[in-house]
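The lines below spell out each chain.
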Amino acid sequence: QVQLVESGGGLVQAGVSLRLSCAASGRSFGEYVMGWFRQAPGKEREFVATISRSGGITEYEDSVKGRFTISRDNAKNTVYLQMNSLKPEDTAVYYCAAERAMGIRTRGELYDYWGQGTQVTISS
């Protein structure tokens, strides 16, 4: 089991950057696939990015490709989401998720553990 805590969100203007962090408690962090999801008001939760256990495989939702980068530091039990060139449409609550599995996962229903989320608001 793991517990996840997101941080790094805030209110920023369009075009700037933010880096989100997700700190995991417990042991064996390197055995978990990690993902980032987001949910805007009135919209369903959507996939953003995922990363394999060793960090060697990543996948992104089309609208964030080239702007967002997911990474992890297993020695620190932390996964990151670097967000560049932020747009108003990126405004949402961002959640990290974990699943004890190999490969990558893009479907939220496949993840067993979730953080409480961090708010990202982009003004125009």
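Our structure is the block above this text.
Rules used throughout
Residues numbered from 1 in each chain as written. Predicted model: local features only at pLDDT ≥ 70, side-chain atom pairs only at ≥ 80, totals over all residues. Heavy atoms only, no water. Phe/Tyr/Trp six-rings, centres within 6.5 Å; stacked < 30°, edge-to-face > 60°. Helix = DSSP H or I, 4+ residues; strand = E, 2+ residues; numbered from the N terminus. Buried < 20%, exposed > 50% of the residue type's maximum accessible area, 1.4 Å probe, protein only. Lys NZ or Arg CZ within 6 Å of the ring centre and 35° of its normal. Pairing = 2+ DSSP bridges. Axes fitted to C-alpha atoms, helices over the stretch in contact; angles between N-to-C directions. Contact = heavy atoms within 4.5 Å. Core = buried A, V, L, I, M, F, W, Y, C linked by side-chain atoms within 4.5 Å.

Novice: Sorry, what's going on with the packing of aromatic side chains here?
Specialist: Ring pairs (aromatic) are described by centroid distance and by the angle formed between their planes. Here the structure, examined in full by the defined rule, presents five aromatic pairs. Considering the side-chain rings of Tyr32 and Tyr113, the 6.2 Å spacing of their centres and the 70° angle between planes classify their relative orientation as edge-to-face. Taken together, the positions of Tyr32 in the loop between strand 3 (18-24) and strand 4 (33-39) and Tyr113 in strand 10 (residues 113-114) put the pair 81 residues apart, joining distant regions of the chain. Using a relative accessible area of 25% as the deciding quantity, one classes Tyr113 as partly exposed. Seen in terms of ring centroids, Phe37 and Phe47 are 5.8 Å apart; in terms of plane orientation they differ by 70°. Their pairing is edge-to-face. With Phe37 in strand 4 and Phe47 in strand 5 (residues 46-51), this residue pair connects regions lying ten residues apart in the sequence. Classification of Phe47 by relative accessible area gives buried; the value is 14%. Taken together, Phe37, Phe47, Tyr111 and Trp114 form an aromatic cluster joined through their ring pairs. Above the plane of the ring of Phe37 lies Arg45, whose end atom (NZ or CZ) is 5.8 Å from the centre. Taking the ring centre of Phe29 as reference, the NZ or CZ of Arg72 above it sits at 4.5 Å.

Novice: Would you mind showing me how to read the sheet that holds strand 7 (residues 68-73) here?
Specialist: Note on sheets: strands pair through backbone hydrogen bonds, and any given pair is parallel or antiparallel. Spatially, 1-3-8-7 is the arrangement adopted by the four strands of the open sheet, whose pairing is antiparallel. Each of the sheet's edge strands pairs with one partner strand only, and the pair in question is strand 1 (4-7) and strand 7. The mean inter-strand angle of the sheet, taken between neighbouring strand axes irrespective of direction, is 15°. Looking at chain direction, strand 7 and strand 8 (residues 78-83) are connected through six bridges and run antiparallel. Across the sheet, Ser71 pairs through a bridge with Tyr80, a residue of strand 8.

Novice: What's the story with the environment of Glu44 in this structure? I'm lost.
Specialist: Within the secondary structure, Glu44 is located in the loop between strand 4 and strand 5. Of the residues examined, Glu44 reaches a relative accessible area of 70% and is grouped as exposed. In contact with Glu44, other than residues within four places in its own chain, are Arg38 and Gln39.

Novice: What am I meant to see in the nonpolar core here?
Specialist: Nonpolar side chains in soluble globular proteins generally cluster together in the buried interior. In this structure, Met34, Trp36, Leu81, Met83 and Tyr94 are the most contacted members of the largest nonpolar core, which totals 29 residues. For this core, the elements supplying multiple residues, two or more each, are strand 3, strand 4, strand 5, strand 7, strand 8, strand 9 (92-99) and strand 11 (118-123). Once residues lying within four places of it in the same chain are set aside, the contact partners of Tyr94 are Glu6, Leu20, Trp36, Phe37, Arg38, Val48, Phe68, Leu81, Met83, Gly117, Thr118 and Val120. The next biggest cluster of nonpolar side chains, apart from the first, holds six residues, and it includes Phe47, Ala97, Ala101 and Tyr111.

Novice: It is not clear to me how unusual backbone geometry should be interpreted in this structure. Could you clarify?
Specialist: Note: most peptide bonds trans; most residues except glycine with negative phi. Its identity as a non-glycine residue notwithstanding, Ser28 has a phi of 65°, on the positive side. Looking at the secondary structure, you find Ser28 in the loop between strand 3 and strand 4.

Novice: Help me understand the pairing of strand 7, please; the structure alone is not making it clear to me.
Specialist: Consecutive side chains of a regular strand alternate in pointing toward one face of the sheet and then the other. Every second residue of strand 7 is oriented toward a common face, the buried set being Phe68, Ile70 and Arg72 and the non-buried set Thr69, Ser71 and Asp73. In this structure, the hairpin formed by strand 7 and strand 8 is closed by a connection of four residues, where Asn77 is found at a positive phi of approximately 55°.

Honestly, it's all geometry; don't read function into it.
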